[in-house]
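The lines below spell out each chain.
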Amino acid sequence: MNTHPQVLDGTGAEISGLSAPAIGTPRTRVEGRDKVSGKARYAGDIPIERLAHGAVVTATIASGRITAIDPSATLASPGVIGVIDHRNAPRVDPEAGSPFFGPDGQLQLLQDDQIAHGGWPVALVVAETHEQARAGAERLRVSYVEQPHDIAFSPGHPAARPALSAFGPDANKGDLDAELAASAVVVDESYTTPAQHACAMEPHVATAWLEGAVLRGIDSNQAPYGIAAQLATLFGKPLSDVRVQVEQVGGGFGSKTGLGPQLILATMATMLFHRPVRVALTREEVFLATSARPRTDQRVRLGADRDGRLRAIGHEAAFEISGKSEFIENCVEIAKTLYAADAIRTRLNVVPLNILPVASVRAPGTAPGSFALESAMDELAERLDMDPLDLRRRNEPEVGPVSGLPFTSRNFQLCLSEGARQFGWAGRDHRPRRRREGHLLIGTGMAGTSFFTTAFPSSATITAEQDGTFTVAIAAIDIGTGARTALHAIAADALRVGWDRIRLRIGDSAIGPAWQAGGSLGTTSWGWAIVAAARDLLEQLESGPALPVSVTSDTTEEIMSRPHRERHSYSAVFAEVAVDPATGEVRVRRLVGRFAVGRVVNPLMVRSQLTGGMIMGLSIALQEEVVRDEVSGRQVNADFAGYHFAANADVPFIDADFVEDHEPDDPLGMKGPGEIGTVAVAAAIANAVWHATGKRHRELPIRLDRVIED
Amino acid sequence: MKEFAYSRATAVHDALTSVVGQENARFLAGGTNLVDLMKRGVETPDRLVDVRALPLDGVHEARNGDLVIGATTTNSDAAAHPEIRRRYPALSQAVLAGASGQLRNMATVAGNLLQRTRCAYFADLSSACNKRVPGSGCAAVAGVHHNHAILGASPACVATSPSDMAVPMMLFDAVVHYETLDGKGEIPISRFYRPVGDTPHLETTLPDGALITSVTLPSAAAGERSRYRKVRERASYAFATVSVAADLVVRSGQVREVRIALGGVASHPWRARIAEEELRGGPATPERFRAAAEAELSAAKPLPHNGYKLRLARNLIQSVLTEIVH
Ligand SMILES: Cc1cc2nc3c(=O)[nH]c(=O)nc-3n(C[C@H](O)[C@H](O)[C@H](O)COP(=O)(O)OP(=O)(O)OC[C@H]3O[C@@H](n4cnc5c(N)ncnc54)[C@H](O)[C@@H]3O)c2cc1C
Ligand code: SF4
């Protein structure tokens, strides 16, 4: 066995024999056979010689200070190599963080004795085996002095302040109060959503070791390049001395876009103990120590004329945040783009509390934001005595409602009409509590959304090999979405060769700068870079140079020189529910989603991704919530028995499909098809529950204790 | 997890001698509850005696017609047994409403009756919990108790029994048979679980070191129309919020026989004897069912965040009885 493992790109060798055309053709995953046969390797599977294992010890208080750590029992425990805590941990750069949100206190592990939330890692126990490390960790005695914690979230909290504006300024179009006053019908309601976790099946795992001056890492993440850059800054190394790789990732859903505690702690351990060290978080630690989606409280005000024309949209949202890291849960994004109105005002506030740092989780911002806005639209339709679908048809903007910029391509109306047709919306009795089947109340509901899209700068290198094949290298990552398969298709078409002539290398920060599998923009951003490199390479090949020839292309300039325009994906979602009023049980019977997500590279996988997203939306509507104990300040449901999401039996037939759409400013016509599947579902279900029962649910999840009738 | 010794017994007597005098020895059956709690450090046995190879597997009919379910019979086998499905359908339905297929293939009948509460504080060593550490307090009373007890609880502990199987066992007046080195014994299920009082850590009346050998279902208690209905926070793979097992015999609109047991409301499956009494001999109407349920629940003491269980239990009793009538 090699001390320093060969990390593969994970494609296996099963790709020969397939041929073009590629884009638009449904294809199963190139690594599918490896995955189902157990050959595919995840970050915790890769064998490494002399590997030691780290187990994390997390804080049992939500606020306070460590007074003592007694490692004697741990050090006497079999196999234990050592303990790292704030007294001996390597010092790290306090400025390290992310380009969007600045310095990130979440990265400052084991730097001091302060505890600002329950579950904060306070020590790492390193041992010969994973089991010995865990046993040693259980024996570590940590003493604390507790200080009062504050986890009481409310928009009027005295510490509330405006969120960062990195995702755009507040909207201040027109005079909201005047337009509301002039409106025939007004809705003014507040909506709340709980904290939620990403819940990727693969827990966070990393292995780190030093190879001379080079810090090597194998990490389960969504951004090998970005994370290598964060790691380099954190430990004061040049980026050329840091290399982060990964073959397969078992889901991330946002929780693996930033540098995680697993890789920071593994790095500290390898620096101290001069062994390769692997840190695998337990499920509970994933809940306690990797970031979550914040709770939100959103006030939506809508004003309309009798005919349903919107005069006013006010969307003021607050979300919780930890004192350690900034984040923008941009709940108000769609209020700025989805509907035309004379006045549009948005506000976004944060409330710092003693909670786990919050970050991207499955459609950040838009998932909770659309629940509020699209529930309010349904309430407006109710008060106007109007079909909620018609209400949405009447408020289609010509240009960006706040920005005034033209849309690149806007197919929201097509999503609405196609979805309605497929669902059989026509002829619906819009009054609530009209349909019964035995003791069950039946209802239908709908909602729509936009989802911001763009492309982020990336670079790709393509080599024309002597044997007629092409090696395509990009620091992309496939977290289970099918990105690897899509990039194969994009490369084959861009190089105008058969699929079997493409060799793809991804998952390695050393390849060069590339965007993450995040914002639903991974494949879009990487695809553009591959198209650019293929174009440049084909140009070079025209002169018949000696092979191999390599070309590296970067898309920064092309992306930055696009015209300023409104770029969004769109969806419309329709739901049918059955409610048992005696028990409060809500079952979703049918979900139909129609999506305008630009050009679809691989319909099989994109449909599967959207279906999965809709299931997440269903879970957000009915089940998911982080439950915290107000006395201890800690999460009490930090496992899959306590943190519920939809089981198979909860998932009905889901019909997810695309409408014709094309992004003119993208070389492939792509938008981003990932997260939008999750977005409008909770509102569609909540609206259907209202239609079934006559009761509005402005608080998620729609638990049975909130639905049960007398 | 603490280190422990492991042995596998093939005869009941060997199993009993391997644990005798050892306070920290435990029988290991499917391990689906015990091993989880060991990983959390809640259970810390020094010795595990695996009982799965004991000749205690399978279901058979005793000469008196009672159905005998061996202690190590898996939940899956119990649920699938034709006589259980025919004579005690609520039991089969309850087992199938629990856990997942994989877990039911591992879990045994005895293990199911002895599974511990799912109260989150019980499983978290850093929380106060009288059941885990007597005298340490109860974090659930002031904490998260959305799914805790409304009946029979005490200030010392408000946890519920999570077992689905135990609810119809209570309905059918099952009898737990055990063996110790002193000989054999039996306990009717109505006396198997102790009241909570101020000793929530003492859950059953099983003598120390006793091995459950079987559970019998009296033939006289069979209920071919019996039903089990479980309400939970998703459609499957979740513990009960409230569940009801019931059996009802109606003649000319009058209740001849009625039995009702509730799950998810107390530290053990709750036989609704007050409701049964109210209904016996009276008219079998939904209004009466509801009134009887209310009578049963009048003694309930909900906590600040689980009051909805009152409505739920009442509605569920009413709807299950109504379903049986129709
Ligand atoms: C994810 C999950 C979901 C679940 N969902 C449900 C659910 O919805 N409904 C439900 O009812 N249950 C559910 N369960 C619990 C499951 O039913 C129990 O864990 C199982 O029945 C226990 O049986 P076992 O044989 O595995 O017991 P073990 O875990 O082996 O043992 C449990 C206890 O019984 C003792 N014991 C075992 N056999 C004997 C014997 N013969 N004599 C004396 N003592 C004995 C052991 O010493 C131990 O104390 C779930 C469990 C899990 C892990
Ligand atoms: S309810 Fe019972 S099990 Fe739960 S914390 Fe209180 S004492 Fe412990």
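Here is what the cut-offs are and how they apply
- Sequence order sets the numbering: in each chain, residues are counted from 1 along the sequence as written.
- Here chains are named by letter from A upward and ligands by number from 1 upward, in the order in which they appear as written.
- In keeping with the model being predicted, local features are shown solely for residues with a pLDDT of at least 70 and side-chain atom pairs are shown and tallied solely at 80 or more, while totals for entire chains, interfaces and linings include all residues.
- Remark: hydrogens and water are excluded; side-chain values derive from all non-hydrogen atoms of the structure.
- In this text, helices come from DSSP runs of H or I with a minimum length of four residues, and strands from runs of E with a minimum of two, each type numbered from the N-terminal end.
- We compute the radius of gyration over the C-alpha atoms and compare it with the globule rule, which gives 2.2 Å times the number of residues raised to the power 0.38.
- The buried label applies to any residue whose accessible area, calculated with a 1.4 Å probe on protein chains only, is under 20% of its type's maximum; exposed applies above 50%, and partly exposed to all values in between.
- Contacts: residue pairs with any heavy atoms within 4.5 Å of one another.
- Computed by Shrake-Rupley with a 1.4 Å probe, the accessible areas treat only the displayed protein chains as cover when residues are assessed.
- Charged residues are defined narrowly, with Lys and Arg counted positive, Asp and Glu counted negative, and His plus the chain ends left uncounted.
- Charge positions are represented by NZ for Lys, CZ for Arg, CG for Asp and CD for Glu.
- One requirement defines pairing of two strands: DSSP has to find at least two bridges between them.
- Helix axes are fitted to C-alpha atoms over the stretch in contact, other axes to C-alpha atoms as well, and angles between N-to-C directions run from 0 to 180 degrees.
- Nearness here has a simple test: a residue counts as near a molecule or strand if at least one of its heavy atoms is within 4 Å of that partner.
- In protein, a polar contact requires one atom able to donate a hydrogen and another able to accept it; more generally it is a pair of N or O atoms within 3.5 Å, and residues adjacent in sequence count only if both atoms are side-chain atoms.
- By buried area we mean the combined loss of accessible area, with a 1.4 Å probe, across both parts when two parts are placed together.
- Think of a salt bridge as a Lys or Arg side-chain nitrogen and an Asp or Glu carboxyl oxygen that are within 4 Å of each other.
- Nine residue types can take part in a nonpolar core, namely buried Ala, Val, Leu, Ile, Met, Phe, Trp, Tyr and Cys, and a core is a set of them joined through side-chain atoms within 4.5 Å.
- Amino acids outside the nonpolar list (Ala, Val, Leu, Ile, Met, Phe, Trp, Tyr, Cys, Pro) and the charged list (Asp, Glu, Lys, Arg) are all regarded as polar, and Gly is one of them.
- For every residue, the predictor assigns a confidence score, pLDDT, that lies between 0 and 100.
- A residue counts toward a patch only above 30% relative accessible area and without a salt bridge, and it is joined to like-charged neighbours within 9 Å or, for Val, Leu, Ile, Met, Phe, Trp and Tyr, to nonpolar neighbours within 5 Å.
- Classification remark: right-handed applies to a crossover when, strands pointing away from the viewer, the course from the first strand over the helix to the second runs clockwise.

1. A closer look at the overall build of chain B
Line of reasoning, step 1. Counting its regular elements, chain B contains 13 helices and twelve strands.
Line of reasoning, step 2. The C-alpha atoms of chain B give a radius of gyration of 19 Å, which matches the 20 Å a tight globule of 326 residues would have.
Line of reasoning, step 3. Reported as C-alpha extents along the three principal axes, the dimensions of chain B are approximately 60 × 50 × 35 Å.
Line of reasoning, step 4. Counting only residues that meet the buried cut, chain B has 57% of its 326 residues in that class.
Line of reasoning, step 5. Taking the intrachain contacts of chain B between residues at least 6 apart in sequence as the baseline, contacts between residues at least 24 apart amount to 63%.
Line of reasoning, step 6. As presented, chain B carries roughly 13,500 Å² of accessible surface, and 51% of it is formed by carbon and sulfur atoms.
Line of reasoning, step 7. Computing the positive centroid from 37 side-chain charges and the negative centroid from 32, chain B places the two 5 Å apart.

2. Some thoughts on the sheet that holds strand E11 (residues 254-263) of chain B
Residue and element names in this part refer to chain B.
Line of reasoning, step 1. One open sheet accounts for four strands, arranged E9-E10-E11-E12; its pairing is antiparallel. Pairing within the sheet leaves two strands with one partner each, and these edge strands are strand E9 (227-231) and strand E12 (270-271).
Line of reasoning, step 2. Note that E11 and E12 share two bridges and pair antiparallel. Residue pairing in the sheet places Leu262 in a bridge with Trp270 of E12.
Line of reasoning, step 3. Against the sheet, helix H13 (residues 308-325) contacts E9, strand E10 (242-251) and E11, and its axis sits at roughly 35° relative to E10.

3. Overview of the site of ligand 1
Residue and element names in this part refer to chain B.
Line of reasoning, step 1. Neighbouring ligand 1 are 31 residues, the closest being Phe27, Gly31, Thr32, Thr108 and Asp164.
Line of reasoning, step 2. One nitrogen or oxygen atom from the main chain of Gly31 is found 2.7 Å from an oxygen atom belonging to ligand 1.
Line of reasoning, step 3. Measuring from a nitrogen atom of ligand 1, one finds a backbone N or O atom of Ile212 at 2.9 Å.
Line of reasoning, step 4. In isolation ligand 1 has 980 Å² of accessible area, and contact with the protein removes 93% of it.
Line of reasoning, step 5. Elements supplying a minimum of two residues to the shell around ligand 1: strand E2 (25-28), helix H2 (34-39), helix H7 (109-114) and strand E8 (211-217).

4. What about the pairing of strand E21 (residues 459-464) of chain A?
Residue and element names in this part refer to chain A.
Line of reasoning, step 1. With six of its six residues buried, E21 lies for the most part within the structure.
Line of reasoning, step 2. A two-sided burial pattern is seen for E21, the buried positions comprising Ser459, Thr461 and Thr463 on one face and Ala460, Ile462 and Ala464 on the other.
Line of reasoning, step 3. Two strands pair when backbone bridges link them, and E21 and strand E24 (residues 549-554) are joined in this way by six bridges, in the antiparallel orientation. Across the sheet, Ile462 pairs through a bridge with Val551, a residue of E24.
Line of reasoning, step 4. When E21 meets strand E22 (residues 470-474), the two strands line up antiparallel, connected through five bridges.

5. Quick look at the sheet that holds strand E7 (residues 183-188) of chain B
Two strands in a sheet stick together by hydrogen bonds in their backbones, pointing the same way (parallel) or opposite ways (antiparallel).
All names here are of chain B.
Line of reasoning, step 1. Pairing in this open sheet of five strands is antiparallel, and the strands run E4-E5-E8-E6-E7 from one edge to the other. Whereas interior strands pair on both sides, the edge strands pair on one side only; in this sheet they are strand E4 (59-61) and E7. Neighbour-to-neighbour, the strand axes of the sheet open up by a mean angle of 25°, direction not taken into account.
Line of reasoning, step 2. Pairing analysis gives three bridges linking E4 to strand E5 (residues 67-70), with the strands arranged antiparallel. Considered in E5, the bridge of His60 is made with Val68.

6. Considering the interface of chain A and chain B
By a widely used convention, the size of an interface equals the accessible area lost when the partners come together.
Line of reasoning, step 1. With 28 residues of chain A in contact, the opposing surface of chain B contributes 30 residues.
Line of reasoning, step 2. A buried area of about 2,400 Å², summed over both sides, lies between chain A and chain B, and 52% of it is on carbon and sulfur atoms.
Line of reasoning, step 3. Seen at the junction of chain A and chain B, the total is five salt bridges.
Line of reasoning, step 4. The salt bridge involving Arg229 of chain B is made with Asp580 of chain A; its shortest N-O contact spans 3.0 Å.
Line of reasoning, step 5. Between chain A and chain B we count 13 residue pairs in polar contact (both at pLDDT 80 or more) in total.

7. What about the nonpolar core?
Residues and elements named next belong to chain A.
Line of reasoning, step 1. Formed by 81 residues in total, the largest nonpolar core has its most connected members in Leu302, Leu591 and Ile685.
Line of reasoning, step 2. Not counting residues up to four positions away in its chain, the partners in contact with Leu302 are Leu180, Val185, Val186, Val187, Leu310, Ala312, Ile313, Leu373, Ala376, Met377 and Leu380.
Line of reasoning, step 3. In terms of nonpolar packing, the next biggest core, distinct from the first, is built from 54 residues, Ala59, Ile84, Ile115 and Ile264 among them.

8. So, the site of ligand 2
Line of reasoning, step 1. Among the 15 residues in the neighbourhood of ligand 2, the closest are listed as Cys119, Cys129, Cys138, Cys157 and Val158 of chain B.
Line of reasoning, step 2. A class-by-class count of the residues in the shell around ligand 2 yields twelve nonpolar, two polar and one charged.

9. Describing the confidence of the model for chain A
Residues and elements named next belong to chain A.
Line of reasoning, step 1. Here chain A averages 96 in pLDDT, while 97% of its residues score no lower than 70.
Line of reasoning, step 2. Taken as a whole, residues 1-5 scores under 50 in pLDDT and shows 15 contacts with residues more than four places along the chain or in a different chain.
Line of reasoning, step 3. Here residues 9-18 is modelled with pLDDT under 50, and outside its nearest four sequence neighbours on either side it reaches 27 contacts, counting other chains as well.

10. Focus on a nonpolar patch on the surface
Residues and elements named next belong to chain B.
Line of reasoning, step 1. On the surface, Met1, Phe4 and Tyr6 cluster together to form a nonpolar patch covering roughly 260 Å² of accessible area.
Line of reasoning, step 2. Mapped onto the secondary structure, Phe4 falls in the segment before strand E1 (5-8).
Line of reasoning, step 3. The class of Phe4 is partly exposed, set by a relative accessible area of 32%.

11. A word on the pairing of strand E13 (residues 214-219) of chain A
Residues and elements named next belong to chain A.
Line of reasoning, step 1. Taken across its six residues, E13 has five buried, putting it largely inside the fold.
Line of reasoning, step 2. The loop that links strand E12 (residues 205-211) with its antiparallel partner E13 comprises two residues; one of these, Gly212, has a positive phi angle of about 65°.
Line of reasoning, step 3. Handedness of the crossover is the feature at issue here: the chain leaves E13, passes through helix H5 (residues 224-234), returns alongside strand E14 (residues 242-245), and the resulting connection is right-handed.

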